[in-house]
Amino acid sequence: MPPKNEPFWIEVKQFYLVPVCHHSMEFAREVERAFRAVQPQRVALELAPFLLEPLQKAVRRLPRLTMLVYEATSEASPEDAVLGDLEMRQGRAIVKRTHLLPVEPSDAFAEATRCAQAHDLPLHAIDLPINYKHEHFDGVPDAAAITAIGPKAFYELWNEKM
């Protein structure tokens, strides 16, 4: 087991995956440490492609903070029916939601973008533009624990709990 202060990533073929929690300074630091250790030729983010250009622009504006705002549609849940703002498409109830994505220096995606920009590397958004559940549950330990137990142990603990 590597010492707790070593950078951590998961290697799958030619890919180096860095597991992160969003909006966490500790994970932004781990992205930068893994970036220095791996020295990638390109960077990919689990992000819908339509958000890539606005994210890159927002990161160039740092330390000024930016809030990316976008709308996405998804199938309506029973709770949405109460609100009444539903649209019917092909016999299915659809709801449009506004989503907010804060871009701040303490976010791992912002740090990965900053690293790619600083080293003039290609940056790719590789997630499908799908709609996630409206509710958000981050069932991980406190991100500050990464400094006490190290990124690998943190990932193993998270993986065990999920």
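Just so you know, these numbers come straight off a predicted model, no measurement behind them.

A. Looking closely at the overall build of the protein. Within the protein, the regular secondary structure consists of six helices and seven strands. Along its sequence from the N terminus, the protein presents helices and strands in the succession β-β-α-β-α-β-α-β-β-α-β-α-α. Across the 162 residues of the protein, 30% fall into the buried class. On the protein, roughly 11000 Å² of surface is accessible, and the fraction owed to carbon and sulfur atoms is 55%.

B. Representation of the nonpolar core within the structure. Counting 25 residues, the largest nonpolar core has Phe27, Val43, Leu45, Leu47, Leu55, Val103 and Leu123 as the members making the most contacts within it. Sorting the residues of this core by element identifies helix H1 (25-38), strand S3 (43-45), helix H2 (52-61), helix H4 (108-118) and strand S7 (123-125) as the ones contributing at least two each. When residues in this core are grouped by element, the largest group, six residues, is from H4.

C. Region of the structure containing the environment of proline 7. Inspection of the secondary structure puts proline 7 in the segment before strand S1 (10-12). Among the residues examined, proline 7 registers a relative accessible area of 25% and is labelled partly exposed. Remark: the alpha-carbon pair of proline 7 and alanine 37, spanning 30 residues in sequence, is separated by 7.3 Å. For proline 7, the contacting residues outside a window of four places in its chain are Glu30, Arg33, Ala34 and Ala37.

D. Quick peek at the pattern of salt bridges. The full count for this structure, using the stated rule, is five salt bridges. Put simply, glutamate 30 and arginine 33 hold a salt bridge, and the shortest N to O gap is 3.2 Å. You can see glutamate 30 and its partner arginine 33 sitting in helix H1, three residues apart, about one turn around the helix. Glutamate 30 sits in the buried class, given a relative accessible area of 5%. Among the residues examined, arginine 33 registers a relative accessible area of 12% and is labelled buried. Residues arginine 114 and glutamate 111 are paired through a salt bridge, measuring 2.5 Å at the closest nitrogen-oxygen approach. Taken together, the residues arginine 114 and glutamate 111, both in helix H4 and three residues apart, mark about one turn of the helix. Classification of arginine 114 as partly exposed rests on a relative accessible area of 36%. We classify glutamate 111 as buried; its relative accessible area is 11%. Connected through salt bridges with shared partners, the residues Arg29, Glu30 and Arg33 form a single ionic network.

What counts and what doesn't
Residues numbered from 1 in each chain as written. Predicted model: local features only at pLDDT ≥ 70, side-chain atom pairs only at ≥ 80, totals over all residues. Heavy atoms only, no water. Helix = DSSP H or I, 4+ residues; strand = E, 2+ residues; numbered from the N terminus. Buried < 20%, exposed > 50% of the residue type's maximum accessible area, 1.4 Å probe, protein only. Areas by Shrake-Rupley, 256 points an atom, 1.4 Å probe, with all protein chains shown as cover. Core = buried A, V, L, I, M, F, W, Y, C linked by side-chain atoms within 4.5 Å. Contact = heavy atoms within 4.5 Å. Salt bridge = Lys/Arg side-chain N within 4 Å of Asp/Glu carboxyl O.

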